[in-house]
Amino acid sequence: EPEVTQTPSHQVTQMGQEVILRCVPISNHLYFYWYRQILGQKVEFLVSFYNNEISEKSEIFDDQFSVERPDGSNFTLKIRSTKLEDSAMYFCASNRVNEKLFFGSGTQLSVL
Amino acid sequence: AQRVTQPEKLLSVFKGAPVELKCNYSYSGSPELFWYVQYSRQRLQLLLRHISRESIKGFTADLNKGETSFHLKKPFAQEEDSAMYYCALPFISNFGNEKLTFGTGTRLTIIP
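About the cut-offs
- Residues numbered from 1 in each chain as written.
- Chains lettered and ligands numbered in written order.
- Predicted model: local features only at pLDDT ≥ 70, side-chain atom pairs only at ≥ 80, totals over all residues.
- Heavy atoms only, no water.
- Disulfide = S-S within 2.5 Å.
- Helix = DSSP H or I, 4+ residues; strand = E, 2+ residues; numbered from the N terminus.
- Buried < 20%, exposed > 50% of the residue type's maximum accessible area, 1.4 Å probe, protein only.
- Contact = heavy atoms within 4.5 Å.
- Buried area = accessible area lost by both parts, 1.4 Å probe.
- Salt bridge = Lys/Arg side-chain N within 4 Å of Asp/Glu carboxyl O.

A. Seen up close, the state of the cysteines. One pass over the structure, following the stated rule, counts two disulfides over all chains. Across a sulfur-sulfur distance of 1.9 Å, Cys23(A) and Cys92(A) are joined as a disulfide pair. Note on the Cys23(A) and Cys92(A) pair: the S-S dihedral is about -65 degrees, so by sign convention the disulfide is left-handed. Pair noted here: Cys23(A) is in strand S3 (residues 19-24) and Cys92(A) is in strand S9 (residues 88-95), with a separation of 69 residues, a long-range link. For the pair Cys23(A) and Cys92(A), a shared accessibility class is recorded, and that class is buried. Disulfide pairing is shown between Cys23(B) and Cys87(B); the S-S distance is 2.0 Å. On the S-S bond that ties Cys23(B) to Cys87(B), the torsion sits near -65 degrees, and the link is left-handed. Here Cys23(B), found in the loop between strand S3 (19-21) and strand S4 (24-26), pairs with Cys87(B), found in strand S9 (residues 83-92); they are 64 residues apart in sequence, far enough to count as distant. By the burial criterion, Cys23(B) is buried, and Cys87(B) matches it.

B. Summary view of the interface of chain A and chain B. In this assembly, 22 residues from chain A lie in contact with 19 residues from chain B. Note on chain A versus chain B: buried area summed over both sides is about 1,900 Å², and carbon and sulfur give 52% of it. Looking at the side of chain A facing chain B, the largest losses of area belong to Lys42(A), Glu56(A) and Phe103(A), adding up to 28% of the total buried there. At the surface where chain A touches chain B, the tally comes to two salt bridges.

Here is the structure:
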């Protein structure tokens, strides 16, 4: 079965630094997503991306966050100036219309 | 607003015993509901969706609109069922992207 790939699996950064989390969605998928899970809490929707633009975002996804599809394969989440409360597991996902979501294995972001 | 509640954070069941993981939802309209599973060190994956009415790995879930529940059941637990289970409620936007609202999850441990 095809897989969504996320790199790195674990990222450690200092507060205030910029981080970029990378994802390679499944090649023929059209919709791309980022979710996050703070330790001990539920998985939360951040943003969805379709046709090279954001189609929906949650209130968590403020101006510190941005997403980009820089080429035909990568889908990135950038956090401009990380805060301690950004520490979480970040999941990328992708799908086609009316089909199930495929999730990546996640990137654990630790902000010190 | 849509909401998913999983009242049990932890559930331990003996091997061979029946399993029931509870999920209640709040949604105005006719919902579609999913169960996702995350085995240790693996990615989130779709276990089953109510609309397909199928049994996956011996698990079934019935949508009860009167009780607004979608409990996950299995008659005889197996050790490999130990995992984190999430109930999720999707919302399909006008763009066709699927935003999931997750419950907080239940960690199921099967005791040998």
